[in-house]
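Residue-level structure breakdown
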Amino acid sequence: MNTSRIAVMLIGATLAGASMSGGAHNEAYFESKESAHGGQTRMAGPYHIELVAKDKEIVLYVMDHADRNLSTLGGGGKATVQVGKAKDKTSVKLEPAGENMFKGAGDFAVTPQTVVTVFVELPGQEAATARFTPLKSTSKNIQKANVSELQAGNKEDHHHHHR
C-alpha cells in the first residue's frame, strides 16, 4: 500500500470517528436509552430536554449535555401541541417549577399522532427549540424489542435444526 493511500484511510477513519461522536445526541441516541422521568428526550440547542406529556399537562426537564440538572429559575417557554395534521394547535405557557423543570397546562390530549414543539429560554441564554412525538418512541421501542426477541428466537431455532 502506498503512503497516499494510507493517509487517505487515516483521514477517513478520523473523520468517521469525529462524525460519530458529534452525532451521538440525535433522536436514535435518545431513544436507545431510558429517560430519567419516563418521557422523551431531545436535543435543544445546548440542552437535553425531557418532555413528559399527559392529557392537559406538560412537564419539561432541562439538563446540560452531561445530563446534569440546569436551573429554570427566571426562564420561560412555550409548547405548541398539535394532533396529526389537524390545523388546530394548542399553545401552552411553560413556567419554572422546581429545580430544573418547566410546567404548563392546556386543553389537549396526547395520542400517538401528537407532536409537541417546545421553545425554552433560560436567563442569559438564547431560546432553544425541540420537537417531540411523546408516544411515538414508546411504540417504536416496543417494536424494536419484539423484533430483537423474534430474531434471537429465530437464531436459536436455526442452530437447533443444523448439525
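Nothing here was measured: the structure is a model prediction, and the numbers come from that model. (Residues numbered from 1 in each chain as written. Predicted model: local features only at pLDDT ≥ 70, side-chain atom pairs only at ≥ 80, totals over all residues. Heavy atoms only, no water.)

Following the criterion strictly, the structure yields four salt bridges and no others. A salt bridge links Arg68 to Asp64, with the nearest nitrogen and oxygen atoms 3.0 Å apart. The exposure class of Asp64 is buried, given its relative accessible area of 15%. A salt bridge links Lys93 to Glu95, with the shortest nitrogen-to-oxygen separation between them at 3.4 Å. (Salt bridge = Lys/Arg side-chain N within 4 Å of Asp/Glu carboxyl O. Buried < 20%, exposed > 50% of the residue type's maximum accessible area, 1.4 Å probe, protein only.)

Moving on to the pairing of strand S8 (residues 128-132). Covered by surrounding structure in S8 are Ala128, Ala130 and Phe132 only, the residues Thr129 and Arg131 on the alternate face being uncovered. Here five bridges tie strand S7 (residues 114-121) to S8, and the two strands are oriented antiparallel to one another. Counted as the bridge partner of Val118 is Ala130 from S8. Joining the antiparallel neighbours S7 and S8 is a turn of six residues, in which Gly124 adopts a positive phi near 75 degrees. (Helix = DSSP H or I, 4+ residues; strand = E, 2+ residues; numbered from the N terminus. Pairing = 2+ DSSP bridges.)

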